[in-house]
Amino acid sequence: MFTESCASCHGLDGKGTGQENIPDITGSGGAAIDFQVSTGRMPSMNPDAQMPRKPPVFTQEQIDDLVAYYEEEIGVAGPPVPEGVPGNMPRRAEYGDEESYEEAKAEYEEAVGAYVQGADDTAAGEKLYLTNCAHCHGWSGGGGALTGGNFAPDLREASPRQFYEAMVTGPGAMPYFNDETITPDEKQDLIAHFLTLENEPNAGGIFALNRVGQVAEGFIGWTVGLSLIVACAIWITAKQRAHD
């Protein structure tokens, strides 16, 4: 898989082939490989553009094999795939029948629930998220535009493991948050906060505006409200003039 799908850009030794925007991945670590491939960002046909999240090309078993090969033959440093953090949601195409898929899905959801319940302080996780993540990804994780034509991706499809891996590998324009900057327990608190927030019902109901944020929603509310008031004032004035 590495030879066929990765080496054309990164080289057989992972040190790159001299092409612009093709990084040396020998120090990236297994976590970076797992993140990029499991989110469908790699393999990429356009190294000059920021790749959006897509369905992964490989199955989870193949991704695990690819990471194992990388760590054995190429990687010399970098963070490994985090242990004890639930990975990707099972995909129906990877299972031969509906029963086995539903069983795997139930096991995954149970693991995510246990991970969330195991967090020490989701309130502290909320503070960490708002301090370090929300200014780019938005308070609800919806993402948004950045400078230079880049964008902060939507986080709402990310698994707990992908959250963790993104923090320790800093993909794209994202800064690194290693286990000294934000400890593993604090990362768990942050991820648990986000997953808890994600499962909460929209307080705005049908007018939630895709949870773009309190400030944006308030601004839109004021704009719509003032526009209606102005429209009503114009209509009342017009009716009064017609009556006169």
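About the cut-offs
- Residues numbered from 1 in each chain as written.
- Predicted model: local features only at pLDDT ≥ 70, side-chain atom pairs only at ≥ 80, totals over all residues.
- Heavy atoms only, no water.
- Helix = DSSP H or I, 4+ residues; strand = E, 2+ residues; numbered from the N terminus.
- Rg over C-alpha atoms; globule rule 2.2 N^0.38 Å.
- Buried < 20%, exposed > 50% of the residue type's maximum accessible area, 1.4 Å probe, protein only.
- Lys, Arg positive; Asp, Glu negative; His and termini not counted.
- Charge placed at Lys NZ, Arg CZ, Asp CG, Glu CD.
- Patch = residues over 30% accessible without salt bridge, like charges linked within 9 Å, V, L, I, M, F, W, Y side chains within 5 Å.
- Areas by Shrake-Rupley, 256 points an atom, 1.4 Å probe, with all protein chains shown as cover.
- Salt bridge = Lys/Arg side-chain N within 4 Å of Asp/Glu carboxyl O.
- Axes fitted to C-alpha atoms, helices over the stretch in contact; angles between N-to-C directions.
- Parallel < 35°, antiparallel > 145°, perpendicular 65-115°, else oblique.
- Left-handed = near helix turned anticlockwise from the far one by under 90°.
- Contact = heavy atoms within 4.5 Å.
- Phe/Tyr/Trp six-rings, centres within 6.5 Å; stacked < 30°, edge-to-face > 60°.
- Lys NZ or Arg CZ within 6 Å of the ring centre and 35° of its normal.
- Core = buried A, V, L, I, M, F, W, Y, C linked by side-chain atoms within 4.5 Å.
- 1 Å grid on protein atoms, 1.4 Å probe; cavity = no way out; pocket = protein on both sides within 12 Å on 5 of 7 lines; lining within 4 Å.
- Points joined across faces, edges and corners; volume = space filled by probe spheres on them.
- Nonpolar A, V, L, I, M, F, W, Y, C, P; charged D, E, K, R; others polar.

S.K.: Before we move on, could you go through the overall build of the protein chain and cite the residues and values that matter?
M.R.: Counting its regular elements, the protein chain contains ten helices and two strands. Starting at the N terminus and walking to the C terminus, you meet the elements of the protein chain as α-α-α-α-α-α-α-β-β-α-α-α. Scaling as 2.2 N^0.38, a compact globule of 244 residues should have a C-alpha radius of gyration of about 18 Å, whereas the protein chain reaches 23 Å, well beyond that. Each principal axis of the C-alpha distribution contributes one length, and for the protein chain these read about 90 × 45 × 40 Å. Per-residue burial for the protein chain yields a buried fraction of 33% across its 244 residues. In the protein chain, which carries 14 positive and 37 negative side-chain charges, the distance between the mean positions of the two groups comes to 12 Å.

S.K.: I'd like to hear about a nonpolar patch on the surface, residue by residue, with values.
M.R.: On the surface, a cluster of nonpolar side chains totalling about 400 Å² of accessible area is made up of Phe-219, Ile-220, Val-224 and Leu-228. With respect to the secondary-structure elements, Phe-219 resides in helix 10 (residues 214-243).

S.K.: Describe a negative patch on the surface, and please don't skip the residues or the numbers.
M.R.: A cluster of acidic residues, Asp-97, Glu-99, Glu-103, Glu-107 and Glu-110, forms a negative patch on the protein surface. Tracing the backbone through its elements, the reader meets Asp-97 in the loop between helix 4 (60-73) and helix 5 (98-117). Judged by its relative accessible area of 38%, Asp-97 is partly exposed.

S.K.: So, the packing of helix 3 (residues 30-38) against helix 4: which residues are in play, and what are the values?
M.R.: Axis separation between helix 3 and helix 4 bottoms out at 9 Å; the angle between their running directions is 150°. Classified by the interaxial angle, the pair formed by helix 3 and helix 4 is roughly antiparallel. Two packed elements cross with a definite hand, and for helix 3 against helix 4 that hand is right-handed. Judged by residue contacts, Gly-30, Ile-33, Asp-34, Val-37 and Ser-38 of helix 3 engage Gln-60, Ile-63, Leu-66, Val-67, Tyr-70 and Glu-71 from helix 4.

S.K.: Now, about the packing of aromatic side chains: what can you tell me, with residues and values included?
M.R.: Two measures describe an aromatic ring pair: the distance that separates the ring centres and the angle between the ring planes. Counting across every chain of the model gives four aromatic pairs. Between Tyr-95 and Tyr-101, the aromatic rings sit 6.1 Å apart at their centres with planes inclined by 55°, giving tilted as the arrangement. For Tyr-101, a relative accessible area of 12% translates into the label buried. Considering the side-chain rings of Tyr-129 and Phe-194, the 5.7 Å spacing of their centres and the 40° angle between planes classify their relative orientation as tilted. With Tyr-129 in helix 6 (residues 122-132) and Phe-194 in helix 9 (residues 184-198), this pair connects stretches of sequence that are 65 residues apart. Residue classification places Phe-194 among the buried residues on the basis of a relative accessible area of 1%. Grouping aromatic residues by their ring pairs yields a cluster made of Tyr-129, Phe-163 and Phe-194. Just above the ring of Tyr-164 sits the side chain of Lys-187; from NZ or CZ to the centre is 5.4 Å.

S.K.: Quick rundown of unusual backbone geometry? Include the residues and the values.
M.R.: For the peptide bond that leads from Met-42 to Pro-43, omega is 0°, which places it in the cis range. Along the chain, the position of Pro-43 falls in the loop between helix 3 and helix 4. At Asn-21, a residue that is not glycine, the phi angle is positive and equals roughly 70°.

S.K.: Run through helix 3, naming residues and quoting values.
M.R.: Counted residue by residue, helix 3 has eight buried out of nine residues, so it is predominantly covered. Downstream of helix 3 by one or two residues, Gly-40 has phi in the positive range, about 75°.

S.K.: Tell me about the nonpolar core, and name the residues and values.
M.R.: Counting residues in each nonpolar core, the largest one holds 24 residues, and the members touching the most others are Tyr-129, Phe-163, Tyr-164, Leu-190 and Ile-191. Where this core is concerned, the elements lending two or more residues are helix 5, helix 6, helix 8 (160-169) and helix 9. When residues of this core are assigned to their parent elements, the largest contribution, five residues, is made by helix 9. If we ignore the near neighbours within four places in the chain, the residues touching Tyr-129 are Ala-134, His-137, Gly-138, Trp-139, Ser-140, Gly-141, Leu-155, Leu-190, His-193 and Phe-194. Judged by nonpolar contacts, the second largest core, of twelve residues, contains Phe-2, Ile-63, Leu-66 and Ile-74.

S.K.: Explain the layout of surface pockets to me, and be specific about the residues and the numbers.
M.R.: Unfilled space is identified by rolling a water-sized probe across the atoms. Computed from the structure, the second largest pocket encloses a volume of approximately 660 Å³. Lining of the second largest pocket is provided by 35 residues; of these, Gly-87, Asn-88, Met-89, Tyr-108 and Ser-159 occupy positions nearest its centre. Within the residue set of the lining of the second largest pocket, elements represented by two or more residues are helix 4, helix 5, helix 8 and helix 9. The leading source of residues in the lining of the second largest pocket is helix 5, at six residues. When its residues are assigned to classes, the lining of the second largest pocket shows 16 nonpolar, eleven polar and eight charged.

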